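Residues per chain are reported as follows:
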Amino acid sequence: MKAAIIGGGVIGGGWAARFLLNGWDVRIFDPDPQAQRKIGEVLDNARRSLPGLSDVPLPEEGRLSYHDTIKEAVQGADWIQESVPERLDVKHKVFAALQAACDPRAVIGSSTSGFKPSELQQGAVRPEQILVTHPFNPVYLLPLVELVGSAATSLDVIARACQILRELGMFPLHVKREIEAHIADRLLEVVWREALWLVKDGIATTEEIDNAIRYGFGIRWAQMGLFETYRIAGGEAGMKHFMAQFGPTLQLPWCKLTDVPEFTEDLVDLIAGQSDAQSGAHSIRELERIRDANLVGMMRALKQQNWGAGALLHAHDAQLRAGTVLEKRVADLPDPGQPILTLSRAVPLDWTDYNGHMTESRYLDAFTSATDRFMELLGCDADYIAAGGSYFTVETHICHLDEAKAGAHITVRTQLLLGEGKKLHLFHSMYEGDRLLATGEHFLLHVDLETRRPSAPGLQVAMALDRIARAQAALPRPKGAGRAIGDPR
Ligand SMILES: NC(=O)C1=CN([C@@H]2O[C@H](COP(=O)(O)OP(=O)(O)OC[C@H]3O[C@@H](n4cnc5c(N)ncnc54)[C@H](O)[C@@H]3O)[C@@H](O)[C@H]2O)C=CC1
Ligand SMILES: C[N+](C)(C)CC(=O)CC(=O)[O-]
C-alpha cells in the first residue's frame, strides 16, 4: 500500500512515520528544503518509540521517497494525507493539484484542526473523495483520529478510511456532524483560552498552569476522559448527584468562556518568556523524546489494564498476530531440531534505563515471555493451566553479553537442555540480527496448581516435550550453559 504525504511538517512527518512503520510505502512532497532533515529526525524518534508498543513485530518498514511535485508524489497512492499550513486558500490549491493527478478511488484525508470538510471540498472536482482525518501530535504514538465527512463525502471513503486507520493501530472517531474544530480541539481551545487569561491577568505562570494539569486531572483524563471521571466524582449516587452538586457552579464566574485575550506584543513576550524559563533548558527534540518516553510508559500501563488506549494496543497486536504464522503445537514447527523461535519484538522505550540501553530486569521479562511461548508449544496453554497444571521457575541465570537500545528488534531462540518427567531445563539466546545479546538459563518444575507441589505433566505435554528432546538431542551444548557467576567467558 502507498501513502502520499503532502506537507511534511510537525504533523505530516508524524503521519509519514505512522504509515512507514506499519509497512506502507510513503511518498512525500514538501517544498521546504529542510523537510528531509526534519522528517528524518521525526522518524528516528518514531523508530525508538512506536514498535515497542506492540508485543509482536510490526511489518517490515515500507519505502520512503521524496518528490519534487504533488503530481509525482500522489502517483499510485491509496491514501493521500494533506498536512499543509492551516489556511483554506493553500489547502484548496493543494486539493486542486492533487485531484488532477491522483487515483479517483484514493482516500484524501486532511489534517486540518479547524476547517469543516464542506469548506475543504469547495471547488473540488471530486468532493466525495475528501474528508477530515484530524490526528494528534505525535501522530506516530497517539491513536486518535477525528474522522469527519460532509454530506458530499462518500460513505465508502469513510468506511475504507476507518478500516485503514484501524490497521495502522489508530482509533478513528467518526464525528457524525461537521463543526469547526471537530470535538477535541473545541475542548482544548477552552482550556487554552482560560490559560491565556490566567497568565495575562497575572494569576499564574505557564509553569504553574502546566503543573495544575500534569499533577492532577491530566493524568486522570488519559484513562477515563471527562464524563466517566465525573461520574465517579458523584460518589455512589453517580452522575445525577455530581450534576446536582456542581451544576450550579457553572453559573459562577469561574470561566471567561468565549472571551479571547488579544495577542499583544506584551502578552506574547510574557508567555514566550515564561515558557523559555520553564522549558528552555531542553531542545525541542529533547522535549519530544521525553514526551515520547512518558507516553509509551503510560500507554503500556494502560495496556496492562486492557483499558482505553491500552485495549486498542491489544486489538492491534491481535491484528498483527493474525498476519503472521505462529505455530500452535510442536508438530507444526518447521524444524524442532533447531533452537525454537520463542520471541520476536522491539525493545520498548520504557525497558531502557539511565545507561541508555535495555535494563537488566527486562531481560528476564523477555525470557519469561519466551518461556511462556515454549510452554504454549508444549500444550501448556491457558486451558491446560486452567485445568490445574503448570510450570514454576525454580532457578534462573542470565548473562548480559551486548547492549540493546530502544526500538531494536530482538529475537529469542530456545534450546531444550532437559525435558524429562517434571523437569524442564531451557536455554534462551537473545539476538539483535546475528548479534548475541544475552543468554538465559532457566530450570522449571511442573506443578499441580491445587497442591502447589511438583507433579508429572499431562500426557500431551510429556509427549511434546519428548518430541523436542529427541529432535534436539544432537545439538551441541550451548556456550555458557551451566556457567557459574565469575567463570571466564
Ligand atoms: N501542530 C499541531 O499540533 C497539529 C496540527 N494539525 C494540522 O496539521 C496541518 C499542518 O500543521 P503543522 O504540521 O503543525 O504545520 P507545519 O508548519 O509544521 O508544517 C506544514 C508543512 O507544510 C509545508 N507546506 C507549505 N505549503 C505547502 C504546499 N503548498 N504543499 C506542500 N507542503 C507545503 C511546509 O513546508 C511545512 O513543512 C494544519 O492543518 C494543522 O491544523 C493537526 C493536529 C495537530
Ligand atoms: C493546536 N492544535 C489546534 C493545532 C492542536 C491540534 O489540532 C491537536 C493536538 O495535537 O493537540
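Residues numbered from 1 in each chain as written. Chains lettered and ligands numbered in written order. Predicted model: local features only at pLDDT ≥ 70, side-chain atom pairs only at ≥ 80, totals over all residues. Heavy atoms only, no water.

## As for the overall build of the chain
So, point 1. From N to C terminus, the chain includes 16 helices and 14 strands.
So, point 2. Counting only contacts in the chain whose residues sit at least 6 apart along the sequence, the fraction spanning at least 24 positions is 72%.
So, point 3. For the chain, the exposed surface amounts to about 25700 Å²; the carbon and sulfur share of it is 56%.
So, point 4. A distance of 4 Å separates the average location of the 51 positive side-chain charges in the chain from that of its 63 negative side-chain charges. (Helix = DSSP H or I, 4+ residues; strand = E, 2+ residues; numbered from the N terminus. Contact = heavy atoms within 4.5 Å. Areas by Shrake-Rupley, 256 points an atom, 1.4 Å probe, with all protein chains shown as cover. Lys, Arg positive; Asp, Glu negative; His and termini not counted. Charge placed at Lys NZ, Arg CZ, Asp CG, Glu CD.)

## Quick notes on the site of ligand 2
So, point 1. Looking at ligand 2, the residues that line it are Ser113, His134, Phe136, Asn137, Asp185 and Leu188.
So, point 2. Contacts to ligand 2 include Ser113, whose side-chain N or O atom sits 2.9 Å from an oxygen atom.
So, point 3. Residue His134 places a side-chain N or O atom 2.7 Å away from an oxygen atom belonging to ligand 2.
So, point 4. The protein chains hide 57% of the 320 Å² of surface that ligand 2 would expose on its own.
So, point 5. For the shell around ligand 2, the per-class residue count stands at two nonpolar, three polar and one charged. (Near = heavy atom within 4 Å. Polar contact = N/O pair within 3.5 Å; in protein donor to acceptor, adjacent residues only side chain to side chain. Nonpolar A, V, L, I, M, F, W, Y, C, P; charged D, E, K, R; others polar.)

## Here's the deal with the side chain of His428
So, point 1. Assignment of secondary structure puts His428 in strand 12 (residues 423–432).
So, point 2. In this structure the side chain of His428 is engaged in a polar contact, spanning 3.5 Å, whose partner is the backbone oxygen of Phe367.
So, point 3. The residues touching His428, leaving out its near neighbours within four places in the chain, are Thr342, Phe367, Ala370, Thr371, Val412, Arg413, Thr414, Ala438, Thr439, Gly440 and His442.

## A word on the pattern of salt bridges
So, point 1. Within the structure shown, the criterion is met by 26 salt bridges.
So, point 2. Here the salt bridges do not stand alone but share partners, grouping Asp55, Arg300, Lys303, Asp317, Arg345 and Asp350 into one network. (Salt bridge = Lys/Arg side-chain N within 4 Å of Asp/Glu carboxyl O.)

## Comments concerning unusual backbone geometry
So, point 1. Following Asn137, the chain continues to Pro138 via a peptide bond in cis, the omega torsion being 5°.
So, point 2. Note on placement: Pro138 falls in the loop between strand 6 (130–135) and strand 7 (144–148).
So, point 3. The backbone of Ala181 shows a phi angle near 70°, a positive value even though the residue is not glycine.
So, point 4. Exposure remark for Ala181: the relative accessible area of 15% places this residue in the buried category. (Buried < 20%, exposed > 50% of the residue type's maximum accessible area, 1.4 Å probe, protein only.)

## Some points on the domain arrangement of the chain
Many authors give the size of an interface as the accessible area that is lost as the parts come together.
So, point 1. What the domain assignment reports for the chain is domain 1 (2–182), domain 2 (187–281) and domain 3 (327–471).
So, point 2. Placing a centre on the C-alpha atoms of domain 1 and another on those of domain 3 gives a separation of 41 Å.
So, point 3. With nine residues of domain 1 in contact, the opposing surface of domain 3 contributes nine residues.
So, point 4. A buried area of about 660 Å², summed over both sides, lies between domain 1 and domain 3, and 56% of it is on carbon and sulfur atoms.
So, point 5. Applying the counting criterion to the domain 1 and domain 3 interface returns one salt bridge.
So, point 6. In this structure, Asp55 engages Arg345 in a salt bridge whose closest nitrogen and oxygen atoms are separated by 2.6 Å.
So, point 7. Joining domain 1 to domain 3, the criterion identifies three residue pairs in polar contact (both at pLDDT 80 or more).
So, point 8. When grouped by side-chain class, the residues that make up the side of domain 1 that touches domain 3 number three nonpolar, three polar and three charged. (Domains from an automatic or database assignment. Buried area = accessible area lost by both parts, 1.4 Å probe.)

## Examining the UniProt feature "domain: 3-hydroxyacyl-CoA dehydrogenase NAD binding" (unreviewed entry) in the chain
So, point 1. UniProt's feature table lists "domain: 3-hydroxyacyl-CoA dehydrogenase NAD binding" (unreviewed entry) at residues 2–176, given in the numbering used throughout.
So, point 2. End-to-end, the C-alpha atoms of residues 2–176 are 27 Å apart, and along that stretch the chain is 34% helix and 21% strand. (UniProt positions renumbered as here; feature names shortened; annotations may be inferred.)

## Topic: the sheet that holds strand 1 (residues 2–6)
So, point 1. Judged by pairing direction, the sheet is mixed, and its eight strands sit side by side in the order 3-2-1-4-5-6-7-8 without closing on themselves. Strands at the two margins of the open sheet, each flanked by one partner only, are strand 3 (64–66) and strand 8 (171–175). When the angles between neighbouring strand axes are averaged without regard to direction, this sheet yields 25°.
So, point 2. Taken strand by strand, helix 4 (residues 88–99) contacts strand 1, strand 4 (79–82), strand 5 (107–110) and strand 6, and its axis lies near 165° from that of strand 5. (Pairing = 2+ DSSP bridges. Axes fitted to C-alpha atoms, helices over the stretch in contact; angles between N-to-C directions.)

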